[in-house]
Amino acid sequence: MEGATGQSAYVTLSAVDVGILNITRFKTPDPFDFFFGKHRYAPELLDIYGKLIEKMEGSRGRLKWGGDAGMRDTRSLPKKVKLVDLFSGPVALDAKGEADIALDLPDFNGTLRFAAEATEAYGLGLLKLHVTGSGSTPIKIVRESVLQVQPPAPLEREVRRFRLEPNATINVDSAWLDKYYRASAAVSITVSNRPPFNVASLVKGLLDYPYGCLEQTTSAAYPHVFIDEAAARAYGLQPRSRDERANFIEGALGRIAGMQKANGGFTLWGDGPYELWASAYVIGFMQDARAAGFTVPAKMYERAQEWLLAQLQRTPGYFPSLPAALQAAIPAKLAARDYGLLRDSHQRFAELAHIAYILARDQKAPLATLRILHDRYRGRARSLLPLIHLSLALGAMGDEARAKVALDEAMQRAYGIRPDPVGGYSVKPPAPRSDVIELTGTWFEPDGTRYAGRPLKVGEMLIVLLQAKSKRRVEDGLLIDRIPSGFEVENLNLSQGPRAQDFTIGGVDVAKALADSRIKHREYRDDRYVAAARLDGALNVLYLVRVVTPGKFAVPAPFAEDMYRPEIRGVGATGNAISIVDPTAPAQKSDLPPSQ
């Protein structure tokens, strides 16, 4: 198995008579389809009726009258062929990632099908199966398969800032990557006397981000508007044809349409409150896509534009008055309430200035409203970008004097730079981190008692309570709880059923926790539970897991981060390994480590 050199990995090999496989209609499992393919709900039925009656004759059933003295054949059928079903059990690979497995084949007349399964530490492992046999006609079979294995740890990013004086040097230390799996680690460095933009790194980050809210869906499609095949080669990206880019953009617009409400505004996850900033961002994306010649649904665009115009015209009602002490400048240290007032006031101005710019691109921004923003509220801006948006909007609508004032003020604002990070999946479980976000994951039995670590049986269910306590307000928080490999997440509403108002888990009211308005979005994936929420104080989320696969499995630590400021994060404690047994199988001793 390539990529397993120097790592701890295992492989199993089975050899089964093809005749048995044909009778049972066995299909060789496809790892890619199992982990990544779409699967419909498939209930399993078990018919034990044949164990309750004796075997019948092979003739058609007929109605009979009289006694019960009919002849019955209770003898087993004669064995005319020898059946083969061999299994090697777990075999450790050597330091080269190889293993020799000897199978004792009987005097067998038929065809065997070989199947091998392997696991390694991280990444895509290429499994090669070589089968050879001696005799008058030598046998040589070579098969290849790829299986993804992921560690029970969140993706980490570390940001390092350096200032280089004239003629100074700096060494890139390879030890930065020692804590990560080498196949997952990457270092990106930008050196510039201007604000640095590493286009290849930024675009790859957009395309690789695994979640898909309104902004993330738009951001992942945005590069395809501007980066054609020639530009992709120049930036070191994968070139895509015009048709491929068009298909990607159309797919993104289809998903975005599902997040648009009837009056034209957009929500972040398809449900919840309207988002001014994200709505303006989406319409800007549509404007750029149309300008580049891509197809944008006209009705969708017009409804969104009308909704933005209505929001801009309500400008005077968006800004409450600020205390006199806060209007001049930001003090060195603010109380939490004062900081909240300044932040909210800046955010409202930034959203409206962005909307003004987007509408002005289509000559739809009312000049009177732009002048109100400029004359009364531009002092609310705490960064340069909203002032630049307002300046561009005023200039596009014909007020050059005010446009110059806003631009001059923008150029006097401070500018911050965050260089590209180093990161990957850590080899060792990450240490708990609770300086900003404290996470606690607790498992419970269905009766509400705390799970004490007993061996579980296939088919059982547990309830997971994930508690997050944030010491600061994180508006766009993301809670990620990866589940062990032997489990799957159940998408069930715990608040349904009788006396749900009295149902508590670990002292938490389940119905109240599920109805928490701070939770904006939930996802039930194959390998994790994800919740997008506003982290402000204590937050409780609950979900169900079902036991599906026997083995011994590691329990990953829960993880939380600010989606747009990944350095703000929290890591919970790694749980103890969990054992799962198959109640129908005989007990077997295994020296395998916990699966990841």
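Here, the structure is the one placed above.
Residues numbered from 1 in each chain as written. Predicted model: local features only at pLDDT ≥ 70, side-chain atom pairs only at ≥ 80, totals over all residues. Heavy atoms only, no water.

Enquirer: Any details on the overall build of the protein chain? Residues and values, ideally.
Expert: Across its full length, the protein chain carries 14 helices and 21 strands. Evaluated residue by residue, the protein chain yields a buried proportion of 37% over its 596 residues. A fraction of 72% describes how many contacts in the protein chain between residues 6 or more apart in sequence connect residues 24 or more apart. Put simply, the protein chain shows about 36,100 Å² of open surface, and 52% of that area lies on carbon and sulfur atoms. (Helix = DSSP H or I, 4+ residues; strand = E, 2+ residues; numbered from the N terminus. Buried < 20%, exposed > 50% of the residue type's maximum accessible area, 1.4 Å probe, protein only. Contact = heavy atoms within 4.5 Å. Areas by Shrake-Rupley, 256 points an atom, 1.4 Å probe, with all protein chains shown as cover.)

Enquirer: Before we move on, could you go through the sheet that holds strand S21 (residues 575–581) and cite the residues and values that matter?
Expert: Sheet strands pair via backbone hydrogen bonds, and the direction of the pair is either parallel or antiparallel. Judged by pairing direction, the sheet is mixed, and its 3 strands sit side by side in the order S11-S21-S18 without closing on themselves. In this open sheet, the two edge strands, each paired with only one partner strand, are strand S11 (456–457) and strand S18 (551–555). Note: S18 against S21, 4 bridges, orientation antiparallel. Opposite Val 555, over in S21, you have Gly 575 as the bridge partner. (Pairing = 2+ DSSP bridges.)

Enquirer: I'd like to hear about the packing of helix H12 (residues 384–396) against helix H13 (residues 400–411), residue by residue, with values.
Expert: Orientation of H12 relative to H13, taken along the N-to-C sense of each, is 165 degrees, at an axis distance of 8 Å. Here H12 is positioned roughly antiparallel relative to H13, judged by the angle of their axes. Our pair here, H12 against H13, has a crossing hand that is left-handed. Residue-level contacts link Leu 384, Leu 387, Ile 388, Ser 391, Leu 394 and Gly 395 of H12 to Glu 400, Arg 402, Ala 403, Ala 406, Leu 407, Glu 409, Ala 410 and Met 411 of H13. Here the contact of H12 with H13 is composed, by residue class, of 9 nonpolar, 2 polar and 3 charged. (Axes fitted to C-alpha atoms, helices over the stretch in contact; angles between N-to-C directions. Parallel < 35°, antiparallel > 145°, perpendicular 65-115°, else oblique. Left-handed = near helix turned anticlockwise from the far one by under 90°. Nonpolar A, V, L, I, M, F, W, Y, C, P; charged D, E, K, R; others polar.)

Enquirer: Break down the pairing of S21 for me, with residues and values.
Expert: Alignment of S11 against S21, held across 2 bridges, turns out to be parallel. Among the inter-strand pairings, Lys 457 is bridged to a residue of S21, identified as Val 581.

Enquirer: How would you summarise a nonpolar patch on the surface if you had to cite specific residues and measurements?
Expert: A contiguous nonpolar surface patch, about 640 Å² in accessible area, is contributed by Phe 162, Leu 164, Ile 170, Val 172, Val 187, Ile 189 and Val 191. Here Val 172 is to be found in the loop between strand S7 (155–158) and strand S8 (186–187). (Patch = residues over 30% accessible without salt bridge, like charges linked within 9 Å, V, L, I, M, F, W, Y side chains within 5 Å. Salt bridge = Lys/Arg side-chain N within 4 Å of Asp/Glu carboxyl O.)

Enquirer: Please provide a residue-by-residue account of the environment of Leu 439, values included.
Expert: Among the secondary structure elements, Leu 439 is positioned in strand S10 (residues 437–444). Since its relative accessible area comes to 8%, Leu 439 is described here as buried. Residues in contact with Leu 439, not counting those within four places in the same chain, are Gln 467, Ala 468, Leu 479, Pro 558, Phe 559, Ala 560, Gly 570, Val 571 and Gly 572.

Enquirer: Kindly report on the pattern of salt bridges, identifying the contributing residues and their values.
Expert: Taken as a whole and assessed by the stated rule, the structure comprises 17 salt bridges. With its nearest N and O atoms 2.9 Å apart, the salt bridge here joins Asp 408 to Lys 404. A residue pair is termed a helical-turn pair when its members lie 3 or 4 positions apart in one helix, as Asp 408 and Lys 404 do in helix H13 at 4 residues. With a closest N to O distance of 2.9 Å, Arg 454 and Glu 445 form a salt bridge. Within this structure, Arg 371, Asp 375, Asp 399 and Arg 402 form a network of salt bridges that share partners.

Enquirer: Describe H12, and please don't skip the residues or the numbers.
Expert: Look at H12: 19 Å from first C-alpha to last across 13 residues, which is about the 18 Å you get at 1.5 Å a residue. With its phi angle positive at about 105 degrees, Gly 398 sits one or two positions after the end of H12. (Expected span 1.5 Å × (residues − 1).)

Enquirer: Give me the packing of helix H4 (residues 214–226) against helix H7 (residues 276–291): which residues, what numbers.
Expert: Remark: H4 packs on H7, axes separated minimally by 10 Å, with the N-to-C direction vectors making an angle of 20 degrees. The orientation of H4 with respect to H7, classified from their angle, is roughly parallel. Judged by the sense of rotation from one axis to the other, the crossing of H4 with H7 is left-handed. Between H4 and H7, the residues in contact are Leu 214, Glu 215, Thr 218, Ser 219, Ala 221, Tyr 222, Val 225 and Phe 226 and Trp 277, Ala 278, Tyr 281, Val 282, Gly 284, Phe 285, Asp 288 and Ala 289, respectively. Partitioning the contact of H4 with H7 into residue classes produces 11 nonpolar, 3 polar and 2 charged.

Enquirer: I'd like to hear about the side chain of Glu 275, residue by residue, with values.
Expert: Its location among the elements puts Glu 275 in the loop between helix H6 (242–257) and H7. Side-chain polar atoms of Glu 275 contact the side chain of Trp 277, separated by 3.2 Å. Setting aside anything within four residues of it in sequence, one finds Glu 275 in contact with Phe 266, Thr 267 and Leu 268. (Polar contact = N/O pair within 3.5 Å; in protein donor to acceptor, adjacent residues only side chain to side chain.)

Bear in mind that shape data such as this cannot, by itself, settle questions of function.
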